[in-house]
Amino acid sequence: TATATATATVAPSATPTPSPVPSGCVRSTGWWMNHPEAWCLETIQVGCTIYTQAQAIAIMRHSTSGDKTYTLAAVLIAEKLNRQCRNSNSSCIAQAEIDADNFLCAHPVGSGVTASSSAWQQIKPTYNLLNKYNNGNLDCAPRCPNTLINEPIVPNLSTRTPTGLNRISAPAER
């Protein structure tokens, strides 16, 4: 006859949940400008000014040819949206975000900074770095694939587009 035997089982112990690691992909300035439904923020601080979503989109759509504060604000807005709404790793541009915000406090959007001014020449490398980040051209954050429909905040990396494809991005300032 069969006899029941007690078997010791180990109860699972609680394991700490790791903090989320930034892993989201990035979107360009133009993508954020044209996808307000993807914004996770109702307001965004640029420099020392807080803007509504509609105001921020208007800044991004503004012609940047005469006043470079619009140029810098547009890439800064996109960077902040990538970091806050996409959980993108911003470790490689953290200082650039600080520098851009400080510049836009001293030279608010619409203050008339020209491309030939010494102020723009000093901040232009920061603009270029933020622009590269938003277009997925830095190692810390990949560009989001264009094939995702209803894309998740943290993408399935198996759906990433192959590397080496041509990427369309804003030109670097010279």
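Everything below is about the structure printed above this text.
The structure presented is a predicted model; accordingly, all values stated were derived computationally and were not measured.

Rules and cut-offs
Residues numbered from 1 in each chain as written. Predicted model: local features only at pLDDT ≥ 70, side-chain atom pairs only at ≥ 80, totals over all residues. Heavy atoms only, no water. Helix = DSSP H or I, 4+ residues; strand = E, 2+ residues; numbered from the N terminus. Buried < 20%, exposed > 50% of the residue type's maximum accessible area, 1.4 Å probe, protein only. Contact = heavy atoms within 4.5 Å. Areas by Shrake-Rupley, 256 points an atom, 1.4 Å probe, with all protein chains shown as cover. Polar contact = N/O pair within 3.5 Å; in protein donor to acceptor, adjacent residues only side chain to side chain. Salt bridge = Lys/Arg side-chain N within 4 Å of Asp/Glu carboxyl O. Disulfide = S-S within 2.5 Å.

Colleague: Would you take a moment to explain the overall build of the protein for this structure?
Modeller: Broken down by element type, the protein carries 5 helices and 4 strands. Reading the protein from its N end, one meets helices and strands in the order α-β-β-α-α-α-α-β-β. Across the 174 residues of the protein, 39% fall into the buried class. Look at the contacts in the protein between residues 6 or more apart in sequence, and 74% of them connect residues 24 or more apart. A total of about 10,100 Å² of accessible surface is found on the protein, and carbon and sulfur atoms cover 54% of it.

Colleague: Explanation requested: the environment of Asp99 in the structure shown.
Modeller: Looking at where Asp99 falls in the secondary structure, it is placed in helix α4 (residues 94-106). Sequence separation between Asp99 and Ile123 is 24 residues; the distance between their C-alpha atoms is 8.0 Å. When residues no more than four places from it in sequence are discounted, the contact partners of Asp99 are Ile123 and Thr126. There is a polar contact of 2.8 Å between the side chain of Asp99 and the side chain of Gln95.

Colleague: Even after reading the chapter, I still don't get the pattern of salt bridges, so can you show me in this structure?
Modeller: When the charged atoms of two side chains lie near each other, side chains of opposite charge can form a pair. Counted according to the given criterion, the structure contains 3 salt bridges. The partner of Arg83 in a salt bridge is Glu97, and the shortest N-O contact between them spans 2.8 Å. Residue Arg83 is found in helix α3 (residues 68-85), and its partner Glu97 is found in helix α4; the two are separated by 14 residues along the sequence. Since its relative accessible area comes to 13%, Glu97 is described here as buried. One continuous salt-bridge network, built from bridges that share partners, spans Glu79, Arg83 and Glu97.

Colleague: Please clarify how the state of the cysteines should be interpreted in this entry.
Modeller: Each disulfide consists of a covalent bond between the sulfur atoms of two cysteine residues. Applying the stated criterion across every chain yields a total of 4 disulfides. Between Cys40 and Cys85 runs a disulfide, and the two sulfur atoms are separated by 2.1 Å. For the disulfide bridge between Cys40 and Cys85, the dihedral angle about the S-S bond is near -85°, and by the sign convention the bridge is left-handed. Pair noted here: Cys40 is in the loop between α1 (29-34) and β1 (43-46) and Cys85 is in helix α3, with a separation of 45 residues, a long-range link. Overall, the relative accessible area of 44% leaves Cys40 in the partly exposed class. Here Cys48 connects covalently by a disulfide to Cys105, the sulfurs 1.9 Å from one another. Measuring the twist about the S-S bond at about 105°, one finds the Cys48-Cys105 disulfide to be right-handed. With Cys48 in the loop between β1 and β2 (49-52) and Cys105 in helix α4, this residue pair connects regions lying 57 residues apart in the sequence. For Cys48, a relative accessible area of 55% puts it in the exposed group. Sequence-ordered numbering of the bonded cysteines in the protein gives a pairing of 1-8, 2-4, 3-6, 5-7.

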